[in-house]
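What follows is each chain in one-letter form.
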Amino acid sequence: MTARQLMTAPAMTVSAEATVAGAARLMARGHLKRLPVVDGEGHLVGVVSRGDLLKIYLRPDADIAEEVRSELVAQLVPIGSGTVHVHVEDALVTLTGTVSDTSLPDVLVRAARAVPGVVNVGAEIDVKLPVH
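Okay, so let's go over this structure.

This paragraph deals with the nonpolar core. V68, V84, V86, V93, L95 and L108 are the most contacted members of the largest nonpolar core, which totals 21 residues. Of all the elements in the fold, those that place two or more residues in this core are α4 (61-76), β4 (82-89), β5 (92-99), α5 (104-113) and β6 (120-127). Among the elements that line this core, the one with the most residues is α4, at five residues. Of all hydrophobic cores here, the second largest spans eight residues; its members include V14, A23, M27 and V37.

What follows is the structure, encoded as structure tokens:
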């Protein structure tokens, strides 16, 4: 038996710039255990496996909490417009606090759900509009 007889044809590859979610979708659709990663010229630069994709969801709670704090809360809650606390346990994120924008709680929850490793997000964020 030759490698040609075992391989998927045409060969399915993913760009090195592709998102992890995009690679995972391609692997799922093609029922692939491994997916070659190629550069802009089509040269092999690596391989993504199912195990590699699972590692994202095995992140420590402290890493998830830090990413939510630094990438979301710090970016989305302007200084002086509220306070949001982040607690993560078993990859479940809980956001608590107070903000001054009615749309912000929903935006924070949706953004936190997109952080790799997050299983679910709950929020108890009060909205207190500024008094003029």
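Let's shift gears to the sheet that holds β5. Strand order in the open sheet formed by three strands is β4-β5-β6, and the pairing between neighbours is mixed. Of all strands in the sheet, those bounded by a partner on one side alone are β4 and β6. Averaged over all pairs of adjacent strands, the angle between strand axes in this sheet comes to 10°, irrespective of strand direction. Relative to β6, β5 runs parallel, the two sharing eight bridges.

Two numbers describe a pair of packed helices, the interaxial angle and the distance between the axes. Running from amino to carboxyl end, α4 crosses α5 at an angle of 160°, the nearest separation of the two axes being 10 Å. The pairing of α4 with α5 is recorded here as roughly antiparallel in orientation. Regarding α4 and α5, the two cross each other, and that crossing is right-handed. Residues L72, V73 and L76 of α4 touch α5, and the partners they reach there are L104, V107, L108, A111 and A112.

By the secondary structure assignment, R69 is in helix α4. The exposure class assigned to R69 is partly exposed, which follows from its relative accessible area of 38%. Sequence-wise, R69 and V48 are 21 residues apart; in three dimensions their C-alpha atoms are separated by 29 Å. The contact partners of R69, leaving out residues within four places of it in the chain, are A74 and V86. Engagement of the side chain of R69 in a polar contact is seen with the backbone oxygen of V86, the distance being 3.0 Å.

About the thresholds
- Residues numbered from 1 in each chain as written.
- Predicted model: local features only at pLDDT ≥ 70, side-chain atom pairs only at ≥ 80, totals over all residues.
- Heavy atoms only, no water.
- Core = buried A, V, L, I, M, F, W, Y, C linked by side-chain atoms within 4.5 Å.
- Buried < 20%, exposed > 50% of the residue type's maximum accessible area, 1.4 Å probe, protein only.
- Helix = DSSP H or I, 4+ residues; strand = E, 2+ residues; numbered from the N terminus.
- Pairing = 2+ DSSP bridges.
- Axes fitted to C-alpha atoms, helices over the stretch in contact; angles between N-to-C directions.
- Parallel < 35°, antiparallel > 145°, perpendicular 65-115°, else oblique.
- Left-handed = near helix turned anticlockwise from the far one by under 90°.
- Contact = heavy atoms within 4.5 Å.
- Polar contact = N/O pair within 3.5 Å; in protein donor to acceptor, adjacent residues only side chain to side chain.

Keep in mind these numbers describe shape, not what the thing actually does.
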